[in-house]
Amino acid sequence: MKAIETTEQFQQLISSPKTIMVKFETNWCPDCKRLNMYIDDIIKDFDFEWYSNDRDQFPKLGEDYQVLGIPSLLAFKNGEKIAHLRADDQTPDDIRAYLNTIEA
C-alpha cells in the first residue's frame, strides 16, 4: 500500500475512474496497528488501488471526508466518496463484506 504524500496527490488519485481505496490511519493508533496485521491479505482479494493516508499529517482531508475515527477505509471514484467504513472495531470478515459491496 502506497502512502499519500501530498493533498495534490490525494486529489489526483481520487479523481480516477477506477475505485481507489484510502486507509486513513495514524502511527500511534492501536486499532490501526491491528488492522495492519491482516489488511494485506484482504487487499489481495480486491481489484482496487490501495493507498494509506496519515490523518495527522493531513487533518483537513479527514475533516473534508468526515473521518471521525481511525482506522477508516474510504472508497473514491471519479472524485466522489462512494463508501466509508470506520474499521476500528471490524473483523477481517466484516471488512471483506464491506468491500464486496463496492464496485471495482
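Heads up: the structure comes first, above all this text.
Remember, it's a predicted structure, so these values are computed and weren't measured experimentally. Along every chain, residues carry numbers that run from 1 in the direction the sequence is written. The model is predicted, so local features are restricted to residues of pLDDT at least 70 and side-chain atom pairs to those at 80 or more, both for listing and for counting; the totals for chains, interfaces and linings are taken over all residues. To get the side-chain values, take all heavy atoms of the structure and skip hydrogens and water.

Notes on helix 1 (residues 7–14)
Note the following rule: The classification of residues rests on relative accessible area computed with a 1.4 Å probe and restricted to protein chains. Under 20% of the type maximum is buried, over 50% is exposed, and intermediate values are partly exposed. Labels follow the DSSP assignment, with helices taken as runs of H or I lasting at least four residues and strands as runs of E lasting at least two, numbered in each case from the N terminus. As used here, the arc is the angular range of directions from the helix axis to the C-beta atoms. Residues count as neighbours in contact if any of their non-hydrogen atoms are within 4.5 Å of one another.
The complete set of buried residues in helix 1 reads Phe10, Leu13 and Ile14. On an axial view of helix 1, the arc spanned by its buried residues comes to 90°, and they lie on one face. Every exposed residue of helix 1 that faces more than 90 degrees away from the buried side is listed here: Glu8 and Gln12. Packed against the buried residues of helix 1 are strand 2 (20–25), strand 3 (49–54), helix 4 (59–64) and strand 4 (72–77).

Structural notes on the packing of aromatic side chains
Quick note on the threshold: By convention, a stacked pair of Phe, Tyr or Trp rings (six-membered ring in the case of Trp) has centres within 6.5 Å and planes under 30 degrees apart, an edge-to-face pair has planes over 60 apart, and any other such pair is tilted.
A full pass over the atoms with the stated rule returns six aromatic pairs. Centroid distance phenylalanine 46 to phenylalanine 48: 6.0 Å. Interplanar angle 5°. Geometry classified as stacked. Phenylalanine 46 sits in the buried class, given a relative accessible area of 13%. Looking at phenylalanine 48, the relative accessible area reads 9%, which means it is buried. Every member of this aromatic cluster is reached through a ring pair, and the members are Phe10, Phe24, Tyr65 and Phe76.

Some remarks on the pairing of strand 2
Side-chain direction in a regular strand flips from residue to residue, so the side chains alternate between the two faces of the sheet. How we decide: Each pair of strands is called paired provided DSSP finds at least two bridges between the two strands.
Counting buried residues along strand 2, six of its six residues qualify, which places the element largely inside the surrounding structure. Side chains Ile20, Val22 and Phe24 of strand 2 all project onto a buried face; the interleaved residues Met21, Lys23 and Glu25 project onto the opposite face, where all are buried too. In the sheet, strand 2 pairs with strand 3 via six bridges, with the strands oriented parallel. Across the sheet, residue glutamate 25 finds its bridge partner in strand 3, namely aspartate 54. Bridge count for strand 2 against strand 4 is five bridges, and the pairing is antiparallel.

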